[in-house]
Amino acid sequence: AAAVQRLQEVVASAEQRSVAALAAALEEGELAGLAEESLMEARTALRDDRRAEGRAGLEAAIENREIGRLEEAIEKARKVDVEEEHLDRAEAALAEAIRVKWRGILMAEPLAISAEELFAETSGILRMGFEPEFLAQHLLPRFADGLGGAVGPQALAQSLQGLRREFGGSLGGPEPGTCSFDFFAAMEAAFLRGIDAAAERRAAPLDSGWEKALI
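As a starting point, this report considers the structure included with it. (Residues numbered from 1 in each chain as written. Predicted model: local features only at pLDDT ≥ 70, side-chain atom pairs only at ≥ 80, totals over all residues. Heavy atoms only, no water.)

A few words now on the overall build of the protein chain. Secondary structure summary: the protein chain contains eleven helices and zero strands in total. Listed N to C, the secondary structure of the protein chain is α-α-α-α-α-α-α-α-α-α-α in terms of helices and strands. Relative to its 215 residues, the protein chain shows a buried fraction of 39%. For the protein chain, the computed accessible surface area is about 11,800 Å², with 51% contributed by carbon and sulfur atoms. (Helix = DSSP H or I, 4+ residues; strand = E, 2+ residues; numbered from the N terminus. Buried < 20%, exposed > 50% of the residue type's maximum accessible area, 1.4 Å probe, protein only. Areas by Shrake-Rupley, 256 points an atom, 1.4 Å probe, with all protein chains shown as cover.)

Structural data, given as structure tokens:
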């Protein structure tokens, strides 16, 4: 009886109750062996409160615009089945926050990260939705230079081949995974110049094997 009363009181105090208090009261009721009909209202209230908490967390993270906070809020919201419309807004804010971060990295002179890190993130950068003109100005010249010698010709050739397979001729672009053919051609040309530059820096012989990666 005490467990039932406690549960009813917590459920009834909708404006003052916390998720933790409601979860504790529900657990107490379950341990006391209350019938399912006595627990149903509390289960529904707990589900709704967790979703409300998830929505509030998303809104706060969207306002904050910090990548880690957005990722954490989205993960928590998914666990409690927050409605897709709220998740979509948060995902869009996360994508924009990531673009803002990488826009700054790519525009920095000298490069704000190592050439090896940039090389590793190439596919992701192309899927971030940057304008082709921005990538042509701030990304392609780095590859045309062979990433300053940080990456060998064979690795560059293998990366280009992988990008061809991944994007199927629609490399980067204003929307993730889409782009004009002109940008794809420019990307190819930049990689090929970079391969030559990297080969020259390392005095790679013609039969070093990087050409085979482009077949």
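Picking up where we left off.
Residue Pro110 is reached from Glu109 by a cis peptide bond, and omega for that bond is 0°. Even without a glycine there, the phi angle at Leu147 is positive, about 55°. Turning to its location among the elements, Leu147 is positioned in the loop between helix H9 (140-144) and helix H10 (153-167).

Secondary-structure assignment places Pro141 in helix H9. Look at Pro141 and you get partly exposed, because its relative accessible area is 42%. C-alpha separation for the pair Pro141 and Met187, spaced 46 residues apart in sequence, amounts to 9.5 Å. Apart from residues no more than four positions distant in its own chain, Pro141 is found in contact with Leu135 and Ala136. (Contact = heavy atoms within 4.5 Å.)

In short, geometric facts, not functional conclusions.
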